[in-house]
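# Structural overview for review
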Amino acid sequence: QCRIQLDEGKPFVSYSVQQEFQGQGIAARMLQLLLSRINLSEPLFAKVKNSNYPSLRLLERLGFHEHASSAGTLTLKRLD
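For clarity, every value in this text was computed on a predicted model and none was experimentally measured.

## Description of the layout of surface pockets
Left-over empty space is what a probe sized like a water molecule reveals as it rolls over the atoms. Reported here for the largest pocket is a volume of approximately 500 Å³. Tyr15, Ala27, Pro54, Ser55 and Leu58 are the residues nearest the centre of the largest pocket, which is lined by 24 residues in total. The set of elements that each furnish at least two residues to the lining of the largest pocket consists of β2 (10-15), α1 (26-37), β3 (44-49) and α2 (53-61). Looking at the lining of the largest pocket element by element, the count peaks at 6 residues for α2. Residue composition of the lining of the largest pocket, by class: 12 nonpolar, 8 polar and 4 charged. There is about 170 Å³ of room inside the second largest pocket. For the second largest pocket, the full set of lining residues is Asp7, Glu8, Lys10, Phe12, Phe45, Lys47, His67, Ala68 and Thr75. Elements with a contribution of two residues or more to the lining of the second largest pocket: β2, β3 and β4 (65-70). Looking at the lining of the second largest pocket residue by residue, the class counts come to 3 nonpolar, 2 polar and 4 charged.

In structure tokens, the structure reads:
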């Protein structure tokens, strides 16, 4: 699944892929499709655990950059 929801008035993207299907590029395709179809006039955010290197690398490839860090979680921001 892949979705955008408001958190404290800011749009956050979240996604998940069932464990048995992870590592096949499904999350990348879902996020690319979502990002190609939305038109936000404000930055898009994402939260990821510091230890979740695959998600962190994926979000960085899609143009997200570190915005804040707290309690083992990074908040990333995409300006497009």
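## Section: the packing of aromatic side chains
The full count for this structure, using the stated rule, is 1 aromatic pair. Positioned above the aromatic ring of Phe45 is the side chain of Lys10, whose terminal nitrogen or guanidinium carbon lies 5.1 Å from the ring centre. Over the ring of Phe12 we find Lys47; its NZ or CZ atom is 5.2 Å from the centre of that ring.

Parameters and conventions
- Residues numbered from 1 in each chain as written.
- Predicted model: local features only at pLDDT ≥ 70, side-chain atom pairs only at ≥ 80, totals over all residues.
- Heavy atoms only, no water.
- 1 Å grid on protein atoms, 1.4 Å probe; cavity = no way out; pocket = protein on both sides within 12 Å on 5 of 7 lines; lining within 4 Å.
- Points joined across faces, edges and corners; volume = space filled by probe spheres on them.
- Helix = DSSP H or I, 4+ residues; strand = E, 2+ residues; numbered from the N terminus.
- Nonpolar A, V, L, I, M, F, W, Y, C, P; charged D, E, K, R; others polar.
- Phe/Tyr/Trp six-rings, centres within 6.5 Å; stacked < 30°, edge-to-face > 60°.
- Lys NZ or Arg CZ within 6 Å of the ring centre and 35° of its normal.

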